[in-house]
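# Summary of the model geometry
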Amino acid sequence: MDNIKIGPSRPLFVLFGSSIVQLSYYFDGWGATLTGLYARKADISVRGYIGWNSRMALQVLHKVFPQNDKIQPSLVILYFGGNDSTDPDVPNSPNVPLDEYVENMRKIIFHIKGLSENTRLIMLSAPAVNEQQIIEFYGSNMGRTNERARIYSKVGIKLAHEVNVKVIDIWSALHDRPEVFWDGMHLTKEGSEIVFNKIKEVIKEAEWEPTLDWDKMPDEFDEIKPNDLYLEKLMDGINKMVGISGSRELKSE
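Bear in mind the structure is a predicted one, so any value in this text is a computation, not a measurement. (Residues numbered from 1 in each chain as written. Predicted model: local features only at pLDDT ≥ 70, side-chain atom pairs only at ≥ 80, totals over all residues. Heavy atoms only, no water.)

### Details of the packing of aromatic side chains
Considering all chains together, one arrives at 9 aromatic pairs under this definition. Ring plane angle 50 degrees and centroid distance 6.4 Å describe the contact between Y26 and F27, whose orientation is recorded as tilted. Among the residues examined, F27 registers a relative accessible area of 48% and is labelled partly exposed. Taken together through their ring pairs, the aromatic side chains of Y26, F27, F137, Y138 and W182 make up a single cluster. One residue, K41, lies across the ring of W214, its end atom 5.1 Å from the ring centre. (Phe/Tyr/Trp six-rings, centres within 6.5 Å; stacked < 30°, edge-to-face > 60°. Buried < 20%, exposed > 50% of the residue type's maximum accessible area, 1.4 Å probe, protein only. Lys NZ or Arg CZ within 6 Å of the ring centre and 35° of its normal.)

### Examining the nonpolar core
What tends to happen in soluble globular proteins is that the nonpolar side chains get buried as a cluster. Grouped together as the largest cluster of nonpolar side chains are 36 residues, with contacts concentrated most on W30, Y38, I77, I122, L124 and I199. If you list the elements that add at least two residues to this core, you get β1 (12-17), α1 (19-22), α2 (30-37), β3 (75-79), β4 (120-124), α7 (170-174) and α8 (189-205). The greatest single-element share of this core, amounting to 6 residues, is contributed by α8. When residues no more than four places from it in sequence are discounted, the contact partners of L124 are W30, I77, L78, Y79, I168, I170, V195 and I199. Judged by nonpolar contacts, the second largest core, of 27 residues, contains L12, V14, M105 and I108. (Core = buried A, V, L, I, M, F, W, Y, C linked by side-chain atoms within 4.5 Å. Helix = DSSP H or I, 4+ residues; strand = E, 2+ residues; numbered from the N terminus. Contact = heavy atoms within 4.5 Å.)

### Focus on the pairing of β3
Taking burial as the measure, the 5 residues of β3 include 5 buried ones, the bulk of the element. By the alternation rule, side chains of β3 split into L75, I77 and Y79 and V76 and L78, which are all buried. Pairing of β1 with β3 involves 5 bridges; the strand directions are parallel. The residue bridging V14 from the neighbouring strand is V76, located in β3. (Pairing = 2+ DSSP bridges.)

### Some points on the environment of S116
Along the polypeptide, S116 turns up in the loop between α4 (98-113) and β4. Given a relative accessible area of 27%, S116 falls into the partly exposed group. In sequence terms S116 and P73 are 43 residues apart; their C-alpha atoms lie 8.2 Å from each other. Discounting chain neighbours no more than four positions away, the residues touching S116 are Q72 and P73.

### Digging into unusual backbone geometry
Here the residue pair E209 and P210 is connected by a cis peptide bond, since its omega of 0 degrees sits within 30 degrees of zero. Among the structural elements, P210 can be located in the loop between α8 and α9 (231-242). A positive phi angle, close to 70 degrees, is found at R40, a residue other than glycine. Its location among the elements puts R40 in the loop between α2 and β2 (43-48).

Function cannot be read off these values alone, since they describe shape.
Rendered as structure tokens:
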């Protein structure tokens with residue numbers, strides 16, 4: 001008897017990180033937008049954990065990404081650093097010293113890259129913060145400063161270049177833009193749009209085989225054509241609602 005394939009036929013994308021990942025479906029977040037964009041093309045799994053740092057991530061790394069799974073992710077978007085960069089002198093700080101942060105991220109990256117020859121990785125750097133917003137929202141700066149975040153972002157980007165991993169400098173992308181945070185740390189819709197567009201740009205420019213570019217990936221069951229009289233108008237409405245135009249428009253056939 002022929003072997004029966006168990007598991008998804010679509011590519012699997014995994015978002016792995018702390019609160020910027022866990023909350024990526026709130027406020028029209030970047031995770032939700034990514035999932036909508038890749039409907040019928042890829043499955044998105046969110047593995048986000050509020051308050052976590054890279055040390056905590058290492059404790060569950062083999063559980064989140066088992067090496068022997070038959071289905072391995074095609075893409076992992078990795079984010080840790082905001083909590084790691086917190087001032088260690090703040091009570092109950094989640095700080096991880098800089099050198100340890102780099103080594104933790106190195107271990108995480110090598111594990112993910114070793115899952116399969118087709119597993120791709122995009123790393124998000126430690127983000128900027130808005131210190132005044134944090135103070136107004138929480139009553140103190142919570143040990144968060146732009147200078148500490150900048151240092152962790154810089155070493156994370158350097159590590160990514162050393163190990164040949166795609167990296168997005170979200171510190172620079174979010175710095176000095178108060179509209180991108182709702183509490184000085186976490187992303188508004190505008191902040192998520194910036195992160196989403198950066199991710200989309202990296203995927204489009206990457207010379208990966210097979211490609212993970214939305215424009216070039218087939219729709220699942222594209223050979224089955226619906227015959228709904230109103231479908232074309234419906235698709236026009238969806239394209240207008242989500243702001244997709246030109247060559248990127250969703251098609252009914």
